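Take a look at the letters that make up each chain.
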2 protein chains.
Amino acid sequence: MRAAVLEATIAELAKTGYAALTVEGVAQRAGVHKTTIYRNWKDADGLVTDALAGRFATDIPVPDTGTVESDLRALARSLVATMTTGQGRALLTAVLSDAVRLPQLAEIKRDLFEARFRQAEPVVTRAIARGELPAETDPAELLKTLAAPIYFRLVFTSEPVDEATADRATDIALAAAHARVLPAV
Amino acid sequence: MRAAVLEATIAELAKTGYAALTVEGVAQRAGVHKTTIYRNWKDADGLVTDALAGRFATDIPVPDTGTVESDLRALARSLVATMTTGQGRALLTAVLSDAVRLPQLAEIKRDLFEARFRQAEPVVTRAIARGELPAETDPAELLKTLAAPIYFRLVFTSEPVDEATADRATDIALAAAHARVLPAV
């Protein structure tokens, strides 16, 4: 039930946007009664937070291949693979819907990205411990540098997003780390 | 009249999104009769294209300071200054509205970004001619690497976007160019 409701929440977000999303709409799409939803979630905001958090948290495994280059490449390729599926595009549409208008959505997004970056931080801290990256490299800054070119293409330039995109993002992030321009802000 | 109509188009886009935008709504907001608009533009798509193209084209001057570092820093700081104004946020909301749903909007965005990058290319080609950057550096790839971290923060992480953001984006783009990881794709 829980998985079906959260799946329906993402689909409703992609279709209607955040502002127009209703518990009724999610219930109908998931094929459950709305009282079932209210027993498990306080309101539509709770549904959206859980649905987006669950999706971001489970989508991308954190690799540990032994070198920072192959770890980052694997992370970037996973991100590309996830975001170019139908579900990934629905998720992107969902988080961009009404994007700049709703402060709650901005907070949800910030929390979600912070959680994602914290989760992948071991890739960077292990690389620093192995002497592969400068000690002052900030894990979150490096991971943002890795993600930014991929999201930029997905959202703005409408160019193809593929393994070459992931590999280029990896090269850019590594070049920046080695040039020591990614300390904590 | 023309400026008022295009300004009203951006405001309507930010408020209603692209799918719900009407020539009537723009006319009302601009304080002109809709036949005045139809004398100058074929339809709502024509309005949107002109409004977005005009805004992107005029917002950011192309610097020529003598060094690539200060040129890129100026470009990045102009982008930050533009996109953090009320009008800039309205423009961002406009281009993100219904973002992944409408193929026409994807095409408009791609064309606009391509035009912007072409316009700023001299910053990179002059730097290559001066021997400041590797000859294989692709101008558009470098400019995308410069823009990506700024847009990523604006759209996804909701962190502050300021001169420090611009300067870090400059450092990342230069590090990537010097590492020779930005040839044409």
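Residues numbered from 1 in each chain as written. Chains lettered and ligands numbered in written order. Predicted model: local features only at pLDDT ≥ 70, side-chain atom pairs only at ≥ 80, totals over all residues. Heavy atoms only, no water.

### Describing the domain arrangement of chain A
Segmenting chain A into domains produces domain 1 (1-59) and domain 2 (62-185). Distance from the C-alpha centre of domain 1 of chain A to the C-alpha centre of domain 2 of chain A: 26 Å. (Domains from an automatic or database assignment.)

### Quick word on the packing of aromatic side chains
Summed over the entire model, instances satisfying the criterion amount to 16 aromatic pairs over all chains. Aromatic side chains F152 of chain A and F113 of chain B sit 5.5 Å apart centroid to centroid with 90° between the ring planes, which places their arrangement in the edge-to-face category. Here the residue F152 of chain A occupies a position in helix 8 (residues 139-157), and F113 of chain B occupies one in helix 7 (residues 103-129), the pair thus bridging two chains. Classification of F152 of chain A by relative accessible area gives buried; the value is 3%. A relative accessible area of 4% means that F113 of chain B is categorised as buried. Three or more aromatic residues joined by ring pairs make a cluster, and in this case those are F113, F117 and Y151 of chain A together with F152 and F156 of chain B. (Phe/Tyr/Trp six-rings, centres within 6.5 Å; stacked < 30°, edge-to-face > 60°. Helix = DSSP H or I, 4+ residues; strand = E, 2+ residues; numbered from the N terminus. Buried < 20%, exposed > 50% of the residue type's maximum accessible area, 1.4 Å probe, protein only.)

### Points about the nonpolar core
Considering soluble globular proteins, one finds that nonpolar side chains tend to be buried as a cluster. The biggest cluster of nonpolar side chains holds 125 residues, and the ones touching the most others in it are Y151 and F156 of chain A together with Y151 and F156 of chain B. The contact partners of F156 of chain B, leaving out residues within four places of it in the chain, are L92, V95, L96, K109, R110, F113, Y151 and V155 of chain A together with Y151 of chain B. (Core = buried A, V, L, I, M, F, W, Y, C linked by side-chain atoms within 4.5 Å. Contact = heavy atoms within 4.5 Å.)

### A short note on the relation of the copies chain A and chain B
The two copies are related by a screw motion: chain A maps onto chain B through a turn of 180° and a shift of 0.0 Å along the axis, at an RMSD of 0.0 Å. Here the symmetry operator amounts to a two-fold rotation axis. Interface overlap between copies: 100% of the residues of chain A at the interface are likewise at the interface in chain B, consistent with a symmetric, same-surface contact. (Least-squares fit on C-alpha atoms with pLDDT ≥ 70 in both.)

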